[in-house]
Amino acid sequence: MENLVLTIRNNFEKELLDMVCRKVKHQDYCHDIMQEVYIKIMANLPKIEQADNMIAYLSRLTGNTVIDYYRKNGKIMVEEEPDQLVAAETTEKPDTSLKLADCCLRPMIDSLPPIYRDALVMVELEGLKHRELAEKAGISLTNAKTRVQRAREKLKEIILQCCNYEFDTYGNIVSCCKKDQPAFPE
């Protein structure tokens, strides 16, 4: 059980703390709420251990703790955009997506010009904020955001050149096959 708590702390503490601080916007309260989160984690270790998607479970637990804070203190919470962690609930298990990124996307990312590749890797894979990228590269924040956006566009072009995609009416990918394979079966 102690190993699970250490794993959670080492792998997810920054994301959970960011999630709380984005919603609370007060450093002291943010850390107080994180203490409550860890109390709930300790109380729910067996459930967390059995969860199919640990980050989704932790995100929900953290979000509920923030809501409890607002209820307990009679404050009104302003709704924000959904957090990236909460969005993880709708994705597949993290291990699967990381394997996909390593085997398929990484060579495509590596084929980008260095200026775009480095920006994309730092922001999307290493989790740096645009501001941190700007500081590391010695460029303005606007320039850092532009580099990442251009890198995404160039990566999209490479991906679309690689394979044939079939989309549904909402723009979601329904199926995919390599360009050298026969077209989609009817």
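Structure's up top.
Note that this is a predicted model, so its numbers are computed, not measured. (Residues numbered from 1 in each chain as written. Predicted model: local features only at pLDDT ≥ 70, side-chain atom pairs only at ≥ 80, totals over all residues. Heavy atoms only, no water.)

Trainee: Would you mind showing me how to read the packing of helix 8 (residues 130–137) against helix 9 (residues 141–162) here?
Mentor: In a pair of packed helices, the angle between the axes and the distance between the axes together describe the arrangement. Put simply, helix 8 and helix 9 touch, their axes get as near as 8 Å, and they point 105 degrees apart. Regarding the angle of helix 8 to helix 9, the classification is roughly perpendicular. In this structure, helix 8 uses His130, Arg131, Leu133, Ala134 and Ala137 to contact helix 9, whose residues at the interface are Leu141, Ala144, Lys145, Arg147 and Val148. Looking at side-chain class alone, the contact of helix 8 with helix 9 contains 6 nonpolar, 1 polar and 3 charged residues. (Axes fitted to C-alpha atoms, helices over the stretch in contact; angles between N-to-C directions. Helix = DSSP H or I, 4+ residues; strand = E, 2+ residues; numbered from the N terminus. Parallel < 35°, antiparallel > 145°, perpendicular 65-115°, else oblique. Contact = heavy atoms within 4.5 Å. Nonpolar A, V, L, I, M, F, W, Y, C, P; charged D, E, K, R; others polar.)

Trainee: I keep staring at the nonpolar core and nothing clicks. Help me out?
Mentor: Side chains of a nonpolar character, in soluble globular proteins, are inclined to be buried together. Formed by 21 residues in total, the largest nonpolar core has its most connected members in Ile8, Val20, Val24, Ile33, Ile41 and Leu58. Among the secondary structure elements, those contributing two or more residues to this core are helix 1 (2–24), helix 2 (27–43), helix 3 (45–50) and helix 4 (54–72). Setting aside its immediate chain neighbours within four residues, valine 20 contacts Cys30, Ile33, Met34, Thr62 and Val66. If you look at the next biggest cluster of nonpolar residues, it comprises 8 residues, including Ile109, Leu112, Leu120 and Ala151. (Core = buried A, V, L, I, M, F, W, Y, C linked by side-chain atoms within 4.5 Å. Buried < 20%, exposed > 50% of the residue type's maximum accessible area, 1.4 Å probe, protein only.)

Trainee: Would you mind going over the pairing of strand 2 (residues 173–178) with me for this structure?
Mentor: Taken residue by residue, a regular strand's side chains alternate between the two faces of the sheet. As defined by bridge partners, strand 1 (residues 163–167) adjoins strand 2 across 5 bridges and the pair is classed as antiparallel. Counted as the bridge partner of glutamate 166 is serine 175 from strand 2. Count of turn residues in the strand 1/strand 2 antiparallel hairpin: 5 residues, of which glycine 171 carries a positive phi of about 90 degrees. (Pairing = 2+ DSSP bridges.)

Trainee: Which parts of the structure should I look at to understand the state of the cysteines?
Mentor: In this structure the tally under the stated criterion is 1 disulfide. The disulfide partner of cysteine 21 is cysteine 30, and the gap between their sulfur atoms is 1.9 Å. For the disulfide bridge between cysteine 21 and cysteine 30, the dihedral angle about the S-S bond is near -90 degrees, and by the sign convention the bridge is left-handed. Classification of cysteine 21 by relative accessible area gives partly exposed; the value is 23%. By relative accessible area, cysteine 30 is classed as buried at 0%. (Disulfide = S-S within 2.5 Å.)

Trainee: Hey, could you run me through helix 2 in this one?
Mentor: The α-helix winds at 3.6 residues per turn, so residues separated by three or four positions along the chain end up facing the same way. If you check helix 2, its first and last C-alpha atoms are 25 Å apart, about what 17 residues at 1.5 Å a residue would give, namely 24 Å. Within the sequence span of helix 2, burial applies to Cys30, Ile33, Met34, Val37, Tyr38 and Ile41. Viewed end-on, helix 2 has its buried residues packed into an arc of 150 degrees, placing them on one side of the element. Relative to its buried face, helix 2 has exposed residues pointing more than 90 degrees away, namely Asp28, Gln35, Ile39 and Ala43. (Expected span 1.5 Å × (residues − 1). Arc of directions from axis to C-beta.)

Trainee: It is not clear to me how the pattern of salt bridges should be interpreted in this structure. Could you clarify?
Mentor: Side chains bearing opposite charge may pair, as long as their charged atoms lie close to each other. Within the structure shown, the criterion is met by 7 salt bridges. One salt bridge in this structure joins lysine 14 and aspartate 18, with 3.1 Å as the shortest N-O distance. Of the two residues, lysine 14 and aspartate 18 are both situated in helix 1; the distance of 4 residues between them amounts to about one turn of the helix. For arginine 152, the salt bridge identified is with glutamate 124, shortest N-O distance 2.3 Å. Pair noted here: arginine 152 is in helix 9 and glutamate 124 is in helix 7 (residues 114–125), with a separation of 28 residues, a long-range link. Judged by relative accessible area, arginine 152 falls into the partly exposed class, the value being 34%. (Salt bridge = Lys/Arg side-chain N within 4 Å of Asp/Glu carboxyl O.)

Trainee: I tried to follow the environment of threonine 142 on my own but got confused; where do I start?
Mentor: Locating threonine 142 in the fold gives a position in helix 9. When the C-alpha positions of threonine 142 and arginine 131 are compared, they lie 9.1 Å apart, and in sequence the two are 11 residues distant.

Trainee: I keep staring at the side chain of asparagine 44 and nothing clicks. Help me out?
Mentor: Here asparagine 44 is to be found in the loop between helix 2 and helix 3. A distance of 2.8 Å separates a polar atom in the side chain of asparagine 44 from the backbone oxygen of lysine 40. Beyond its immediate stretch of four places on either side in the chain, asparagine 44 contacts Tyr57 and Leu61. (Polar contact = N/O pair within 3.5 Å; in protein donor to acceptor, adjacent residues only side chain to side chain.)

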